[in-house]
Amino acid sequence: MATANPKTQTISLEDMPLPQLHKLKAQFEEEIGELTTAFTQMKQAQATFRECKSCVESMTADNMDKTIMVPLTNSLYVPGKLSNIDSVVVDAGTGYYIEKSVGDAAQYYDAKAEFVQGNAKKIQETIEQKQTSFRGLLEIIQFKMTQQQRQQQQQQAASK
C-alpha cells in the first residue's frame, strides 16, 4: 500500500513566477487536448457499437435471401445473399472472431457501448475538472501580468 511522503510540499500557484505559470498553462492545454481526443474516440467507438447492434437487429426473416453488399475492404464491396439470419460472427478484437446468435450479438454490442459510455463519462468529468483548474490558472496569470504591468508603470513614473 502506498503511503504519502511526509516531505511532499504544496506550492501555491500565486507563489509561482510567470514563466512557470506559462509552462503549467501549456501543460494543461496539452492534457485537455489529449483528453478531448480520447473522449471523441470513445464517442466514435460508442457510435460504431450502436451501429453494429442496429445492423444485427435488422437481420429479420424479411431480409432472408436478399442481396446485400459485403465489404471486402473499406472501399471494395461484392454482392452477396443473406442466407443465415440466426447467427453472426462478431469481431471480439485483436484478431479474434466469435460466432453468436443475433440476440447475443445485440447484447454484446449493448454491453460494449455501455462500457465505452462509462469510460467516456469519466474522461468528460476529468476534462471538466482540468478546465476548471485551467480557468483558475488563467485568472492567476492575468492577475500577475496586470500586477507586473502596474509595477513597470510605477517604476517608469518614478524614474521620470
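The model shown is predicted, which means the values in this text are computed figures rather than measured ones.

**What about the overall build of the protein?**
Regarding its fold elements, the protein presents 2 helices and 4 strands. Along the protein, from the amino end to the carboxyl end, the secondary structure elements read α-β-β-β-β-α. By the compact-globule yardstick of 15 Å for 160 residues, the protein is too spread out, its C-alpha radius of gyration being 28 Å. Here the C-alpha coordinates of the protein stretch approximately 90 × 45 × 25 Å along the principal axes. Counting across all 160 residues of the protein, residues that qualify as buried make up 21%. In the protein, the share of contacts with a sequence separation of at least 24, taken over all contacts with a separation of at least 6, comes to 55%. Summed over its atoms, the accessible surface of the protein is roughly 12,300 Å², and 52% of this surface lies on carbon and sulfur atoms. Averaged over its 17 positive side-chain charges, the protein has a centre that lies 10 Å from the centre of its 19 negative ones.

**What about the packing of aromatic side chains?**
All told, the structure shown has 3 aromatic pairs when counted by the stated rule. With 5.3 Å between their ring centres and 75° between their planes, tyrosine 108 and tyrosine 109 make a pair best called edge-to-face. The exposure class of tyrosine 108 is buried, given its relative accessible area of 18%. Aromatic rings pair up to connect Phe49, Tyr108 and Tyr109 into one cluster.

**A short note on the state of the cysteines**
Evaluated as defined, the whole model comprises 0 disulfides. Unpaired in this structure, cysteine 52 has its nearest cysteine sulfur neighbour in cysteine 55, at a distance of 6.5 Å. Take cysteine 55: its relative accessible area is 45%, and that puts it in the partly exposed class.

**Description of helix α1 (residues 18-57)**
Helix length check: α1 (40 residues) gives 58 Å between terminal C-alpha atoms against 58 Å at 1.5 Å per residue, within 8%. All of the buried residues along α1 are Leu18, Leu21, Leu24, Phe28, Ile32, Leu35, Phe39, Gln46, Phe49 and Val56. Residues of α1 that are buried in the fold lie against α2 (102-159).

**Comments concerning the side chain of lysine 144**
Structurally, lysine 144 is set in helix α2. Buried and without a salt bridge, lysine 144 has aspartate 15 as its closest oppositely charged side chain, separated by 6.6 Å. A polar atom in the side chain of lysine 144 sits 3.0 Å from the backbone oxygen of methionine 16. When neighbours within four sequence positions are excluded, lysine 144 is seen to be in contact with Leu13, Glu14, Met16, Leu18 and Leu21.

**Focus on the packing of α1 against α2**
Between two packed helices, the angle of one axis relative to the other and the distance separating the axes together describe the packing. Two elements in contact, α1 and α2, have axes whose closest approach is 8 Å; the angle formed by their N-to-C orientations is 160°. With respect to α2, the element α1 is oriented roughly antiparallel. In the crossing of α1 with α2, the sense of the turn from one axis to the other is left-handed. Of the residues that constitute the contact of α1 with α2, the class distribution is 28 nonpolar, 10 polar and 10 charged.

**What about unusual backbone geometry?**
Even without a glycine there, the phi angle at aspartate 65 is positive, about 65°. With respect to the helices and strands, the residue aspartate 65 is situated in the loop between α1 and β1 (67-71). At threonine 94, a position not held by glycine, the phi torsion is positive, near 50°. The residue threonine 94 is located in the loop between β3 (87-93) and β4 (96-101) in this model.

So, how was this worked out
- Residue numbers run consecutively from 1 along every chain, following the written order of its sequence.
- Selection of residues for local features in this predicted model requires a pLDDT of at least 70, selection of side-chain atom pairs for listing and counting requires 80 or more, and totals for whole chains, interfaces and linings are taken over all residues.
- Processing note: side-chain calculations cover all non-hydrogen atoms of the structure and skip hydrogens and water entirely.
- A run of DSSP states H or I qualifies as a helix once it reaches four residues; a run of E qualifies as a strand once it reaches two. Both are numbered from the N-terminal end.
- Based on C-alpha atoms, the radius of gyration is set beside the globule rule, defined as 2.2 Å times the residue count to the power 0.38.
- Working definition: with a 1.4 Å probe on protein chains only, accessible area under 20% of the residue-type maximum means buried, over 50% means exposed, and in between means partly exposed.
- What makes two residues a contact is simply this: any of their non-hydrogen atoms within 4.5 Å.
- Only the protein chains shown count as cover for residues, and the accessible areas themselves come from Shrake-Rupley with a 1.4 Å probe.
- His is not counted, nor are the chain ends, whereas Lys and Arg count as positive and Asp and Glu as negative.
- Here the site of a charge means NZ on Lys, CZ on Arg, CG on Asp, or CD on Glu.
- Pairing of aromatic rings covers Phe, Tyr and Trp, the last through its six-membered ring, and needs centres within 6.5 Å; plane angles under 30 degrees mean stacked, over 60 mean edge-to-face, and all others mean tilted.
- Two cysteine sulfurs form a disulfide in these notes if their separation is within 2.5 Å.
- What a helix is expected to span follows from its residue count: subtract one and scale by 1.5 Å.
- Between Lys or Arg on one side and Asp or Glu on the other, a salt bridge is scored when a side-chain nitrogen of the former is within 4 Å of a carboxyl oxygen of the latter.
- Pairing of N or O atoms within 3.5 Å defines a polar contact, subject to two protein rules: one partner must be a possible hydrogen donor and the other a possible acceptor, and residues neighboring in sequence count only if both atoms are side-chain atoms.
- Comment: axis = line fitted to C-alpha atoms, over the contacting stretch for helices; angle = value between 0 and 180 degrees taken between N-to-C directions.
- Oblique is the label for every angle not falling under 35 degrees (roughly parallel), over 145 degrees (roughly antiparallel), or within 65 to 115 degrees (roughly perpendicular).
- For any helix crossing, the convention is left-handed if the near helix is rotated counterclockwise from the far helix by under a right angle, and right-handed if that rotation is clockwise.
- As a working rule, the residues Ala, Val, Leu, Ile, Met, Phe, Trp, Tyr, Cys and Pro are called nonpolar, Asp, Glu, Lys and Arg charged, and the rest polar, with Gly in that last group.

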